[in-house]
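# Inside the fold
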Amino acid sequence: MRILLFFLIGLCLSTNSMGQAQGFILSGFISDTTLKARSIVMQYTDSSGQLRMDTALVQAQQFFFKGHIALASRVVLLIQPDTSIHTMASKRVQEIRFTMENTYAQLDIQGVRKFQLKGSLCHEDEKKYRQVYLPMIQQLQGDTLMFRQRWIIDSFIRAMPTSYFSLILLQEKAKYAQVLGNLLEQFASMPDGFRHSLPGRLIENRIDKLSQVSIGKAAPDFVLPDMEGRSFSVS
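Below: a short report on this structure. (Residues numbered from 1 in each chain as written. Predicted model: local features only at pLDDT ≥ 70, side-chain atom pairs only at ≥ 80, totals over all residues. Heavy atoms only, no water.)

### Some details on the side chain of Asp108
Cut-off, in case you're wondering: The helix and strand labels rest on DSSP assignments: H or I over at least four residues marks a helix, E over at least two residues marks a strand, and numbering proceeds from the N terminus. In protein, a polar contact requires one atom able to donate a hydrogen and another able to accept it; more generally it is a pair of N or O atoms within 3.5 Å, and residues adjacent in sequence count only if both atoms are side-chain atoms. We call two residues in contact whenever any of their non-hydrogen atoms come within 4.5 Å of each other.
Locating Asp108 in the fold gives a position in strand β7 (residues 104–111). There is a polar contact of 3.4 Å between the side chain of Asp108 and the side chain of Gln110. Residues in contact with Asp108, not counting those within four places in the same chain, are Phe29, Ser31, Lys114, Phe115 and Gln116.

Take a look at the structure:
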């Protein structure tokens, strides 16, 4: 039944390999037999730019989401445990974080914060980013951490301007930027489809505002997103 479900969903999306016109479908399975979930909440930025929260019931360890992402988005899954099962090892809400674009993706939840996502180019590029990012900052703190993270983000965007994950990184960088810096150059290197999308328009609006900052004005403290897109700063 599970294989048949995946086949039918894939067939529905076969007319659009990028999946952007069709939105996204996330078909999930909990292979960890010790994890019994009642429902799963999915948080993401929808096609209107709003934070959306959808809920799916878990039946026979399977769940299903369908919607429209704003081209690419960070996603948080909150796994609500089935508290009626007394033998569960943990009754805490489990959290899984990843990024994805509008596509057909398959998610296998293999344990606490352990999962495998297939079908998302954005997620594959995010994994490459983490493989470079984590070893370089594990022992860093304060200003050194901030500047090294900024260098890594810029290097990734420069190397992969057509990546959905680069679009997410640039949007977060633009959101917290207080000076123009190299935002315009990085934005111009991205494909037309990225620049004309909702995230692209938000980046462009931020660039326009930063372009109006007077030359010679002292730069404020830096603010950048962390690995999960949350902001932090160094004074």
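### Notes on the environment of Glu95
Checked against the element boundaries, Glu95 lands in strand β6 (residues 94–101). Discounting residues that sit within four places of it in the chain, Glu95 has contacts with Val76, Leu77, Leu78 and Arg113. A distance of 2.8 Å separates polar atoms of two side chains, one belonging to Glu95 and the other to Arg97.

### Here's the deal with the pairing of strand β5 (residues 72–81)
Here is the rule: Note on exposure labels: buried denotes an accessible area under 20% of the residue type's maximum, exposed denotes more than 50%, and partly exposed covers the range between, all computed with a 1.4 Å probe on protein chains only. Following DSSP output, two strands are said to pair if at least two bridges run between them.
Burial analysis of β5 places 10 of its 10 residues in the buried class, the great majority of the element. Of the two faces of β5, both are covered, the one formed by Ala72, Arg74, Val76, Leu78 and Gln80 as well as the one formed by Ser73, Val75, Leu77, Ile79 and Pro81. Here six bridges tie strand β2 (residues 37–45) to β5, and the two strands are oriented antiparallel to one another. Within the sheet, the bridge partner assigned to Met42 lies in β5 and is Leu77.

### Considerations on the nonpolar core
Operational definition: The nonpolar core is taken to be a set of buried Ala, Val, Leu, Ile, Met, Phe, Trp, Tyr and Cys residues, with the residues joined through side-chain atoms within 4.5 Å.
Ranked by size, the top nonpolar core spans 26 residues in total, and within it Tyr129, Phe165, Leu169, Leu170, Leu183 and Ile203 carry the most contacts. At the level of elements, α2 (121–137), α3 (142–159), α4 (164–176), α5 (183–188) and α7 (198–211) are the ones that each hand at least two residues to this core. Here the element with the most residues in this core is α4; it accounts for seven residues. Excluding residues within four positions of it along the chain, Leu169 makes contact with Arg74, Tyr129, Ile153, Phe156 and Ile157. Core analysis: the second largest hydrophobic core is formed by 23 residues, Ala56, Val75, Met100 and Ala105 among them.

### Notes on the sheet that holds β7
Counted only if it meets this: Here the axes come from fitting lines to C-alpha atoms, over the contacting stretch only for helices, and the angles between their N-to-C directions go from 0 to 180 degrees.
One open sheet holds the four strands; their spatial order is β4-β1-β7-β8, and the pairing between them is mixed. Each of the sheet's edge strands pairs with one partner strand only, and the pair in question is β4 (62–67) and β8 (114–118). On average, each strand axis in the sheet is tilted by 15° relative to the strand beside it, whichever way the strands run. As paired elements, β7 and β8 share five bridges and run antiparallel to each other. The residue of β8 that forms the bridge with Gln106 is Lys118.

From the geometry alone we can't say anything about function, so treat these as descriptive.
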